[in-house]
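The residues making up each chain are set out below.
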Amino acid sequence: MIVKKVEELLNKQITVEAESSQIYLAMACWAEVKGLQGVAQFMFAQSDEEREHMLKLVKFINERGGHAKISALKAPNVTFNSFKDMFQMLLDHEIFVSESINELVHLTLQEKDYSTHNFLQWYVAEQIEEEAMARTILDKINLIGDDKGGLYLFDRDIQQMTANTSATLPAG
């Protein structure tokens, strides 16, 4: 049985994950319109991944005797000053998501809800990866500067990053 306070915070996390998916989707659309096909492909894949994170929470809550709730979402930004600004926003958002997960983990310890605590460890590890990836991408963007050729290569590079990530994900 899931602790009520924990269920409430998990339901808030469902919204965070759903909004994350929408943010990535908006970024994908912006990149695609700007001709950055690699970035768009990367963002579409990230959007799908965030939706999977949301569904994982939904299933967990319902299987533990709670009731997952789906709420309205805030509309994401749909335009960005530059692709660098977009990736900075992405990093900032991933840091926000990490803080949200950490708050949940803290509550599970306070409430002695060790099953949920154990479940959330996957999210903790995932957020470490998400933040590291965003920082690595920003480092590459900073190396490129205003070089258009560098942007072209980056767009191809990030497309490969998406293909490699997809290839290493377990099936199912």
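Below or above, wherever it landed, is the structure these notes cover.

Conventions used here
Residues numbered from 1 in each chain as written. Predicted model: local features only at pLDDT ≥ 70, side-chain atom pairs only at ≥ 80, totals over all residues. Heavy atoms only, no water. Helix = DSSP H or I, 4+ residues; strand = E, 2+ residues; numbered from the N terminus. Buried < 20%, exposed > 50% of the residue type's maximum accessible area, 1.4 Å probe, protein only. Polar contact = N/O pair within 3.5 Å; in protein donor to acceptor, adjacent residues only side chain to side chain. Contact = heavy atoms within 4.5 Å. Salt bridge = Lys/Arg side-chain N within 4 Å of Asp/Glu carboxyl O. Phe/Tyr/Trp six-rings, centres within 6.5 Å; stacked < 30°, edge-to-face > 60°. Lys NZ or Arg CZ within 6 Å of the ring centre and 35° of its normal.

**With respect to the side chain of Ser20**
Argument step 1. Structurally, Ser20 is set in helix α1 (residues 4-33).
Argument step 2. Looking at Ser20, the relative accessible area reads 0%, which means it is buried.
Argument step 3. Separated by 2.6 Å, the side chains of Ser20 and His93 make a polar contact.
Argument step 4. Setting aside its immediate chain neighbours within four residues, Ser20 contacts Glu50, His93 and Val97.

**A closer look at the pattern of salt bridges**
Argument step 1. In this structure the tally under the stated criterion is four salt bridges.
Argument step 2. Put simply, Lys4 and Glu7 hold a salt bridge, and the shortest N to O gap is 3.0 Å. Note that Lys4 and Glu7 are positioned in helix α1 at a spacing of three residues, about one turn of the helix.
Argument step 3. Overall, the relative accessible area of 56% leaves Lys4 in the exposed class.
Argument step 4. Judged by relative accessible area, which is 4%, Glu7 ranks as buried.
Argument step 5. Taking the shortest distance from any N to any O, the salt bridge between Glu111 and Lys5 comes out at 3.3 Å. With a gap of 106 residues between them, Glu111 in the loop between α3 (83-110) and α4 (114-144) and Lys5 in helix α1 connect regions that are remote in the sequence.

**Regarding the packing of aromatic side chains**
Argument step 1. Tallying each qualifying case throughout the model produces seven aromatic pairs.
Argument step 2. Judged by centre distance (4.9 Å) and plane angle (85 degrees), the ring pair of Trp122 and Tyr123 falls under edge-to-face.
Argument step 3. The class of Trp122 is partly exposed, set by a relative accessible area of 35%.
Argument step 4. Taken together through their ring pairs, the aromatic side chains of Phe42, Phe83, Phe87 and Phe154 make up a single cluster.
Argument step 5. Note that Lys56 overlies the ring of Trp122, its terminal NZ or CZ placed 3.6 Å from the centroid.

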